[in-house]
Amino acid sequence: MNTDDIEILGVGMHPFGRYTNSSLKDLNRVACVSALVDAGLAVRDIDAVYAANAMAGLLQGQEMIRGQSVMREIGIERVPVTNVENACASGSTALRQAILAIRAGSADTVLVAGVEKMFVEDRSRTLAALESAGDLDVVSGIGLQFTAVYGMRLRKLIAAGRLTVDDLVAVSVKSHANGERNPYAQHRKVVSAEEVLGSRPIADPLTLLMCSSICDGAAAVVVARRGAIPTRKPTVRIRASQAATGYTTTGNEPSLTELCAAAAYAEAGFGPEDVDVAEVHDAMAPAELIAYEQLGFCNPGDAGALLDSGTTQIDGCRPVNPSGGLSSRGHAVGATGLAQIAELTWQLRGEATGRQTQRPRIGLAHNNGGWLEGESAVSCVHLLERTDPWD
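So, here's what we can say about the structure.

Cut-offs and rules
Within every chain, residues take consecutive numbers counted from 1 along the sequence as written. At least 70 in pLDDT is required for a residue's local features to be given in this predicted model, at least 80 for side-chain atom pairs to be given and counted, and no such filter applies to totals for whole chains, interfaces and linings, which use all residues. Values reported for side chains reflect all heavy atoms of the structure, with hydrogen atoms and water molecules removed beforehand. Every helix listed is a DSSP run of H or I at least four residues long, and every strand listed is a run of E at least two residues long, numbered separately from the N terminus. Here the globule rule reads 2.2 Å times residues to the power 0.38, and the radius of gyration is calculated from C-alpha atoms. In this scheme, a residue with accessible area under 20% of its type's maximum is buried, one over 50% is exposed, and one in between is partly exposed, where area comes from a 1.4 Å probe on protein chains only. Note on contacts: a residue pair qualifies if any of its non-hydrogen atoms lie within 4.5 Å across the two residues. All accessible areas in this document rest on Shrake-Rupley with a 1.4 Å probe, and a residue is counted as covered only by the protein chains that are shown. Two residue types count as positive, namely Lys and Arg, and two as negative, namely Asp and Glu; His and chain ends fall outside the count. The location of each charge is read from NZ of Lys, CZ of Arg, CG of Asp or CD of Glu. Definition used in this section: a nonpolar core is a set of buried Ala, Val, Leu, Ile, Met, Phe, Trp, Tyr and Cys residues joined via side-chain atoms within 4.5 Å. The salt bridge definition used is simple: a Lys or Arg side-chain nitrogen within 4 Å of an Asp or Glu carboxyl oxygen. A helix is expected to span 1.5 Å multiplied by its residue count minus one. As used here, the arc belongs to the directions running from the helix axis to the C-beta atoms. By disulfide we mean two sulfur atoms from cysteines, separated by a distance within 2.5 Å. Strand pairing follows a simple DSSP-based rule, namely that at least 2 bridges must link the two strands. For every element, the axis is a line fit to its C-alpha atoms; helices are fit only across the contacting stretch, and the angle between N-to-C directions ranges from 0 to 180 degrees.

Topic: the overall build of the protein
Thought 1: When helices and strands are counted, the protein shows 14 helices and 11 strands.
Thought 2: Computed over C-alpha atoms, the radius of gyration of the protein comes to 19 Å, within 12% of the 21 Å expected from 2.2 N^0.38 for 391 residues, which places it in the range of a compact globule.
Thought 3: Principal axes of the C-alpha set define a box for the protein whose edges measure 55 × 50 × 40 Å.
Thought 4: Within the protein, buried positions represent 58% of all 391 residues.
Thought 5: When contacts within the protein are restricted to residue pairs at least 6 apart in sequence, those whose partners lie at least 24 apart make up 76%.
Thought 6: On the protein, roughly 15,300 Å² of surface is accessible, and the fraction owed to carbon and sulfur atoms is 49%.
Thought 7: Taking the 34 positively charged and 45 negatively charged side chains of the protein as two groups, their mean positions are separated by 6 Å.

Now the structure itself:
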């Protein structure tokens, strides 16, 4: 069985944001029930569950049986529930495991869910939990190492003439403009270039309005073997599902994202020029510019020009992060990868009200996680295709 024999039947989200009075179970319930309703299914129709979460052990004390505890709340019992933790790529990793289970013939219809509750009374606990996504022998005591790492990478690109501060500001403005149009987004406010530049410095050249923030949220996806469940919605198939682990590098080798994307393009049988809409991992909004190059959307050094051309705007010919991305939609760590899949599914079906792109056929989701010395710890790339013609 090939991955294009697997269909997305339903997707759902709990809006990302701050939900002081909501538990993990509350967030998960909304996302999962929404996905099941979207698929036209009941809990009895689910053969297996893959549940993604990164930090509940540290923040809520639910170190084990996280998936079982939140799934029992919505009536899913007896079927196998597998817990998945893979830093910021937990959700996309869980999806890949579900795909592999269907391909192996062990399940026909699988629910994949991701949930995270990052707002707790003591903010320092959340920051410490985030730090644990790095190799502690390397990063311990640094604090928000991801912000610092992004800052160092961007400074090098600016010094080399491949990006400008204006590029960083412009992509941040785009992110917030898209997030304002997304009812599921954490940050729903348009910002100006002056506001981005004038916001609090975080890690030079990054400012507050360029960065994702602490976030609560959940997302869910129902996938099934092709033809297992009839659907009345436009068909969205998974054409590629690839994952890769960070490796020791001198800096001259291809990035982890490049390797993972190349494998996904090879599996799907098409290239970056065929992608119509993308959701990329921009924990800091300017990381979207780095992704343009690593995913093959432009040549090295041309990311700023691609942005300036309008190609990656919602009304452009290859919109990137129409949801607002991690920086504006929000980055509820364990749910992020599935939020990307939900957004792309809505886009490919023509259901992304208020932010719909121009009749896309191919969607790409790029989700990285964690940090090893010199590289992300994990990268996942999924390619989706709408197989029904647009009217």
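Now, onward.
Brief notes about the nonpolar core
Thought 1: Tyr292, Phe297 and Leu383 are the most contacted members of the largest nonpolar core, which has 42 residues in total.
Thought 2: Only α7 (145-159), α8 (165-180), α10 (256-268), α11 (287-294), α12 (303-308), β10 (362-372) and β11 (375-386) provide two or more residues apiece to this core.
Thought 3: The contact partners of phenylalanine 297, leaving out residues within four places of it in the chain, are Tyr265, Pro272, Val275, Ala278, Tyr292, Leu306, Arg318 and Val320.
Thought 4: Leu338, Ala339, Ala352 and Ala365 belong to the second-largest nonpolar core, a separate cluster that totals 37 residues.

Points about the side chain of threonine 345
Thought 1: By the element assignment, threonine 345 lies in helix α14 (residues 336-349).
Thought 2: The class for threonine 345 is buried, based on a relative accessible area of 0%.
Thought 3: If near-sequence neighbours (up to four positions away) are discounted, threonine 345 is found in contact with Ile8, Val11, Val236 and Leu384.

What to know about the pattern of salt bridges
Thought 1: Here the structure, examined in full by the defined rule, presents 18 salt bridges.
Thought 2: Note that aspartate 216 is salt-bridged to lysine 117, the shortest N-O span being 3.5 Å. Taken together, the positions of aspartate 216 in strand β7 (residues 216-225) and lysine 117 in strand β4 (residues 109-117) put the pair 99 residues apart, joining distant regions of the chain. Neither residue differs from the other here; aspartate 216 and lysine 117 are each classed as buried.
Thought 3: Note that glutamate 385 is salt-bridged to arginine 239, the shortest N-O span being 2.4 Å. Of this pair, glutamate 385 sits in strand β11 while arginine 239 sits in strand β8 (residues 236-245), placing them 146 residues apart in sequence. Taken as a pair, glutamate 385 and arginine 239 share a single burial class, namely buried.
Thought 4: Residues joined in a network through salt bridges with shared partners are Asp38, Lys233, Arg349 and Glu351.

Structural notes on α10
Thought 1: For α10, which comprises 13 residues, the first-to-last C-alpha distance of 18 Å matches the rise-based estimate of 18 Å (1.5 Å per residue) to within 8%.
Thought 2: Within α10, burial applies to Leu256, Thr257, Cys260, Ala261, Ala264, Tyr265 and Ala268. Projection of α10 onto a plane perpendicular to its axis shows the buried side chains occupying an angular sector of 160 degrees, all on one side.
Thought 3: The inward-facing, buried residues of α10 contact β8, α11, β10 and β11.
Thought 4: At the exit of α10 stands glycine 269, carrying a positive phi of roughly 85 degrees.

Overview of the state of the cysteines
Here, the word disulfide means a covalent bond between the sulfur atoms of two cysteines.
Thought 1: Summed over the entire model, instances satisfying the criterion amount to zero disulfides.
Thought 2: For cysteine 215, which is in no disulfide, the shortest distance to another cysteine sulfur is to cysteine 88 and amounts to 12 Å.
Thought 3: Residue class for cysteine 215 comes out buried when judged on its relative accessible area of 0%.

Focus on the sheet that holds strand β2 (residues 48-52)
Thought 1: The sheet built from nine strands is open, its strands ordered β3-β2-β4-β7-β1-β8-β11-β10-β9 with mixed pairing. With partners counted over all chains shown, the strands left at the sheet margins are β3 (81-84) and β9 (277-279), one partner each. Neighbouring strand axes in the sheet, compared pairwise and without regard to direction, differ in orientation by 20 degrees on average.
Thought 2: One ladder, built from five bridges, connects β2 with β4; its direction is parallel. Across the sheet, tyrosine 50 pairs through a bridge with valine 112, a residue of β4.
Thought 3: α14 rests against β1 (6-17), β4, β7, β8, β9, β10 and β11 of the sheet, and its axis sits at about 115 degrees to β1.

Section: the environment of glycine 246
Thought 1: Examined against the element boundaries, glycine 246 turns out to sit in the loop between β8 and α10.
Thought 2: For glycine 246 and valine 378, which are 132 residues apart along the polypeptide, the C-alpha to C-alpha distance reads 5.7 Å.
Thought 3: Aside from chain neighbours lying at most four places away, what touches glycine 246 is Leu256, Leu372, Glu375, Ser376, Ala377 and Val378.

None of this, on its own, says anything about what the molecule does.
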